[in-house]
Amino acid sequence: MKRSVVRKLLYGSSLAVALLMQMVAAVPNVYTFNSPRNKTDDRFVIGGILPIHKTSNGSCGHIDGASVQYVEAISYVIQRINSQQASLNLSGVQLSFEIYDSCGTISIALQQTLRLLTPKNGNGVSTVIGEKTQYGYFARTSLSDSYQVRALADIVNHFNWSYVVTINSGDIYGQAGIKGFQYNFQNVTLNRCVAGDSIEIPYPTAAASDYDAAVLKLAAPYVSNATVVVLFAQPATVEGLLDAVQRRRERDHTFAAKQFLWVGSAAWTTSLDPKRYEIARNVIGVIAEAVNTAGFDEYFQRLHISNHTDNPWFAEYWEDYFKCSLNGTNPALPICNVSNQRITRMNGYVSDAYVPNCINAMNAIAHAVRQMQQSVCNRSGLCNATRSSERNDVSAVDGRLLLLNILKVNFTSESGNDFSFDSNGDPANTIFTPSLIICGVRRFVVGFGFSSCFSPVLVRTVRIHRIFNREASATSLRYVNPLSQVTFTAVLVSIQIVISSVWLGMEPPTVRHVFDAHSALIECGENPYVGLSVTLVYNAILLFITLYFAFRTRKVPGNFNEAKFINLTTYSLLIIWIAFIPIYYGTLSLGPTFQSSSLIMGTVLSASVILGCLVVLKMYIIIRTEFTKNQKRGTSNVTGQSALIMDDASIRKETSVGIDPLKHTSVDRAMQQESHLCHAGTQTDN
């Protein structure tokens with residue numbers, strides 16, 4: 001097979017390279033990874049543009065540690081796939097990558113994008129991602145900013161902050177974000193007001209005077225009553241703004257006495273330099289829920305400067321992480337003692353919240369490549385059908401075909417969640433939160449589940465009690481057939497359904513937000529001391545009635561196995577509920593996590609006991625009896641006796657301990673009415 005280098009390119013009327021999280025990149029630095037491969041393997045090169053360095057006056061500044069983690073996340077996934085350590089196997093294809101640094105500026109990102117691409121007819125390239133009609137070759141593994149926009153508006157509305165100031169960076173991120181906030185803040189809830197127009201700071205070319213002008217507006221009379229500042233901006237914009245706030249405080253004592261509460265977007269609240277904490281003082285931010293990245297964490301903490309030279313930015317990251325100098329060029333820092341330095345959680349390592357997005361992006365591309373192989377090539381490696389017909393470069397992949405397959409991927413992420421895209425290229429696996437329907441179903445299912453477990457056991461116990469504690473009679477018992485048992489059970493469960501329905505009607509389900517010093521929880525709003533107590537009391541009544549009849553039937557014939565099993569089940573349920581009730585009500589003050597956990601454990605244990613002590617043991621008896629019966633057929637014409645039917649010897653034995661044999665005759669008649677209960681063999685009236 002001819003060697004080919006296949007470059008993964010998403011191009012068209014607009015561009016989104018590498019399916020990462022942002023389209024930004026910089027300086028001439030590039031990290032190229034060419035995986036070792038067999039001579040017959042095709043190479044699929046993934047191009048990436050990331051803000052490895054922070055913006056500083058429109059150029060490259062300080063290293064961004066989070067972006068270095070993104071680079072290593074890409075390397076981590078690709079190496080796993082190439083070495084077949086992952087479950088995905090790309091037969092005949094080796095993944096490689098080229099990552100460029102944008103320094104977080106559009107101008108440098110554009111330069112680096114042009115280095116990645118050679119568009120047909122010299123078409124221009126845009127790094128702004130917006131409407132799908134304009135930017136059709138785009139998909140993302142991070143949640144849309146619309147989620148955090150609504151979250152910020154919900155936070156402000158929750159605390160009833162009716163008059164706020166808004167500030168944004170002068171790019172599409174800041175402009176679109178603050179516009180979305182203003183809509184959710186003012187149009188969704190009445191009596192809400194934004195102090196004038198949003199204060200916009202140029203990006204990325206803002207000078208100190210631009211930041212000072214923005215702070216001057218914060219001190220203006222028309223915003224004097226507003227102490228809440230909603231800030232939707234790039235990290236570099238926020239840093240410049242906070243520095244300007246500090247300068248103003250130093251020369252204006254009136255302004256210095258004013259305390260602002262900053263409500264910020266995830267872009268800057270998660271990456272704010274600790275030295276500016278004192279300036280900001282009060283900050284509320286939002287971020288997507290963190291997910292497990294144990295595999296990447298282990299990989300990253302194994303990296304060491306002595307043997308990881310592929311990444312051109314890792315040395316700079318090492319110096320920043322340990323606050324030392326590798327070559328002594330910075331006299332203000334000590335020389336790095338690399339032999340004793342390791343990246344660990346003990347010395348500050350924390351996986352960035354957006355690392356899973358990079359991991360999912362790489363896995364999405366890899367799965368799309370495999371789907372292309374299977375759908376159009378039907379062999380290992382890539383084929384001519386996957387190549388672009390619109391570009392002069394024969395090594396380029398057909399972008400439309402690749403995008404089509406990217407949007408079709410469906411896999412389990414490393415955190416254990418299902419991952420896929422919707423038709424707009426957004427991740428379809430959003431964070432699961434309670435809704436009114438979920439909260440209502442949750443209430444209903446708790447009582448219904450318990451009553452569905454306890455009602456059949458009660459009906460079964462009462463049936464046995466009636467059979468063995470009736471007066472001698474030649475007539476057969478009524479209402480002991482299967483249909484009657486099902487009917488009685490349905491009636492008992494229906495009572496619980498009525499209780500749950502009345503509870504939902506009197507106290508409709510609600511969803512509430514609970515905030516503390518470290519987090520915000522979304523939980524079902526309900527009064528556990530009223531409706532749920534009635535539900536638990538009803539099921540406790542079922543349990544104690546069952547316990548009463550189980551005690552009354554404790555002396556039934558020893559070979560009547562079901563009575564023994566029901567007694568074991570009932571006593572076990574009693575022990576579980578003696579522990580469950582105080583634990584449940586004792587954990588209400590600890591929050592919904594402990595409350596739900598105790599409720600789940602109580603339900604699971606109750607159901608498990610019934611399954612284990614009744615169903616499983618009865619199945620064992622049936623199987624064992626049938627096995628014994630089949631063995632006897634080969635040597636004797638004697639038919640195996642049922643474990644549930646007593647013979648004359650059994651009756652005489654039980655009579656000696658005070659059980660009326662006439663009742664046993666009735667027992668046999670009752671059992672004849674329910675031949676489905678006999679495990680094996682035949683029966684004879686005595």
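Quick note: structure is the one above.
This text gives an overview of the structure that appears in the document.

Basis of the calculations
Residues numbered from 1 in each chain as written. Predicted model: local features only at pLDDT ≥ 70, side-chain atom pairs only at ≥ 80, totals over all residues. Heavy atoms only, no water. Core = buried A, V, L, I, M, F, W, Y, C linked by side-chain atoms within 4.5 Å. Buried < 20%, exposed > 50% of the residue type's maximum accessible area, 1.4 Å probe, protein only. Helix = DSSP H or I, 4+ residues; strand = E, 2+ residues; numbered from the N terminus. Salt bridge = Lys/Arg side-chain N within 4 Å of Asp/Glu carboxyl O. Disulfide = S-S within 2.5 Å. Pairing = 2+ DSSP bridges. Axes fitted to C-alpha atoms, helices over the stretch in contact; angles between N-to-C directions. Parallel < 35°, antiparallel > 145°, perpendicular 65-115°, else oblique. Left-handed = near helix turned anticlockwise from the far one by under 90°. Contact = heavy atoms within 4.5 Å.

Overview of the nonpolar core
Of all hydrophobic cores here, the largest spans 59 residues; its most connected members are Phe44, Phe296 and Ile343. Listing elements by their share of this core, those giving two or more residues are β2 (30-33), β3 (42-50), α1 (65-82), β6 (93-101), α10 (294-302), α11 (314-322), α12 (355-377) and α13 (399-406). A per-element tally of this core places α12 first, with 11 residues.

Some thoughts on the pattern of salt bridges
The full count for this structure, using the stated rule, is 11 salt bridges. Between Asp243 and Arg276 there is a salt bridge whose closest N-O contact spans 3.0 Å. Here Asp243 is found in helix α6 (residues 235-251), whereas its partner Arg276 is found in the loop between α8 (266-269) and α9 (277-280), with 33 residues between them in sequence. Judged by its relative accessible area of 27%, Asp243 falls in the partly exposed class. Through salt bridges with shared partners, one network takes in Lys54, Glu239, Asp243, Asp273 and Arg276.

A few points about the state of the cysteines
Using the criterion set out here, one finds three disulfides in the structure. Disulfide partner of Cys324: Cys336, at an S-S distance of 1.8 Å. Taking the sign of the torsion about the S-S bond as the criterion, the disulfide between Cys324 and Cys336, at about 95°, is right-handed. Here Cys324 is found in the loop between α11 and α12, whereas its partner Cys336 is found in the loop between α11 and α12, with 12 residues between them in sequence. Cys324 gets classed as buried once you look at its relative accessible area, which sits at 2%. Shown here is the disulfide that connects Cys377 with Cys383, its sulfur atoms set 2.1 Å apart. Its S-S torsion of approximately -90° makes the covalent link between Cys377 and Cys383 left-handed. Given a relative accessible area of 9%, Cys383 falls into the buried group.

Describing the pairing of β2
Burial along β2 is one-sided: Tyr31 and Phe33 are buried, while Val30 and Thr32, pointing the other way, are not. As judged from the four bridges shared by β2 and β6, these two strands associate in the antiparallel manner. Of the residues in β6, the one forming a bridge with Val30 is Tyr100.

Here's the deal with the packing of helix α14 (residues 436-468) against helix α16 (residues 531-552)
The contact between α14 and α16 brings their axes to 9 Å, and the two run at 20°. As far as their axial angle goes, α16 and α14 are roughly parallel. α16 is crossed by α14, and the crossing has left-handed handedness. On the side of α14, the interface is formed by Val446, Gly447, Phe450, Ser451, Phe454, Ser455, Val457, Leu458, Thr461, Val462 and His465, while α16 contributes Leu532, Thr535, Leu536, Tyr538, Asn539, Leu542, Ile545, Thr546, Phe549, Ala550 and Arg552.

A short note on the environment of Val409
Examined against the element boundaries, Val409 turns out to sit in the loop between α13 and β13 (410-412). Among the residues examined, Val409 registers a relative accessible area of 1% and is labelled buried. Taking the C-alpha atoms as reference, Val409 lies 5.7 Å from Ser420; in sequence the two are 11 residues apart. With residues up to four places along the chain from it excluded, the contact list for Val409 reads Ala364, His367, Ala368, Gln371, Phe419, Ser420 and Phe421.

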